[in-house]
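Summary of the model geometry
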Amino acid sequence: MVDRIVDLENNTMAALEETSDSPVCEVLCIHKELIKEVEKTLIPGEQVNKLAELFKTLGDPTRIRIMDALAKGEFCVCDLAELLELSQSATSHQLRVLRSNHLVKYRREGKMVFYSLDDDHVLALYREGIEHILEGRS
C-alpha cells in the first residue's frame, strides 16, 4: 500500500538537477507497510557500529595484503613482513589492528609468534570480497 505519492516535477521543493540516466525515482512514493516490515529486522545500532568498524578495518590496502597472505596459510611475523616488504614493526601494528577486530589470531611457539585468519567466517568474508571484485561488472 502506498501512503504518499508526490510528483517531484510539480513540487517546488524538488529543484534537483538530474540527468536522464539518474537512478532516482521521479516521484516520491513512501511504502509504509514495507518500511514497517523491514524496520523490525534492521540490525541494532551497536551492531551497525561494529560492522562499520569491521569494514573500516578491511579498508586498508596493507591489511588486505596481510589477509591475502594469511588466507593462504599461517605465517610468523618475520616471514609475513619479508613477504609483504614491510618492517616488522609495521607488520606487527597492522596485525594488532586485525587482531583487535577478531580477523586474525596468533599462537606462540617458543619465541616465535604465528598468525592465521581467526576462523572460517573471516576466510569466507575474504573470499566473497575477492569473488565480488572479480565478477567483471563494468
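Everything below is about the structure printed above this text.
Residues numbered from 1 in each chain as written. Predicted model: local features only at pLDDT ≥ 70, side-chain atom pairs only at ≥ 80, totals over all residues. Heavy atoms only, no water.

**Things to note about the environment of Tyr 115**
Inspection of the secondary structure puts Tyr 115 in strand E5 (residues 112-117). Spatially, the C-alpha atoms of Tyr 115 and Phe 75 are 5.4 Å apart, while their sequence positions differ by 40 residues. Non-local contacts of Tyr 115, meaning those with residues more than four positions away in its chain, are made with Leu 70, Gly 73, Glu 74, Phe 75, Val 77, Leu 95, Arg 99, Val 104, Lys 105 and Tyr 106. For Tyr 115, the side chain forms a polar contact with the side chain of Arg 99, separated by 3.0 Å. (Helix = DSSP H or I, 4+ residues; strand = E, 2+ residues; numbered from the N terminus. Contact = heavy atoms within 4.5 Å. Polar contact = N/O pair within 3.5 Å; in protein donor to acceptor, adjacent residues only side chain to side chain.)

**Here's the deal with the packing of aromatic side chains**
Under the definition given, this model contains 1 aromatic pair. Relative to Tyr 115, the ring of Tyr 106 lies with its centre 5.8 Å away and its plane at 40 degrees, an arrangement referred to as tilted. You can call Tyr 106 partly exposed: its relative accessible area is 43%. Judged by its relative accessible area of 7%, Tyr 115 is buried. (Phe/Tyr/Trp six-rings, centres within 6.5 Å; stacked < 30°, edge-to-face > 60°. Buried < 20%, exposed > 50% of the residue type's maximum accessible area, 1.4 Å probe, protein only.)

**A word on the side chain of Thr 91**
Assignment of secondary structure puts Thr 91 in helix H5 (residues 88-100). Discounting residues that sit within four places of it in the chain, Thr 91 has contacts with Ile 66, Val 77, Leu 80, Ala 81 and Leu 86.

**So, the pattern of salt bridges**
Using the criterion set out here, one finds 5 salt bridges in the structure. Between Arg 107 and Glu 109 there is a salt bridge, and its shortest N-O distance comes to 2.7 Å. Its relative accessible area of 34% is what places Arg 107 among the partly exposed residues. Where salt bridges share partners, they join Glu 74, Arg 107 and Glu 109 into one cluster. (Salt bridge = Lys/Arg side-chain N within 4 Å of Asp/Glu carboxyl O.)

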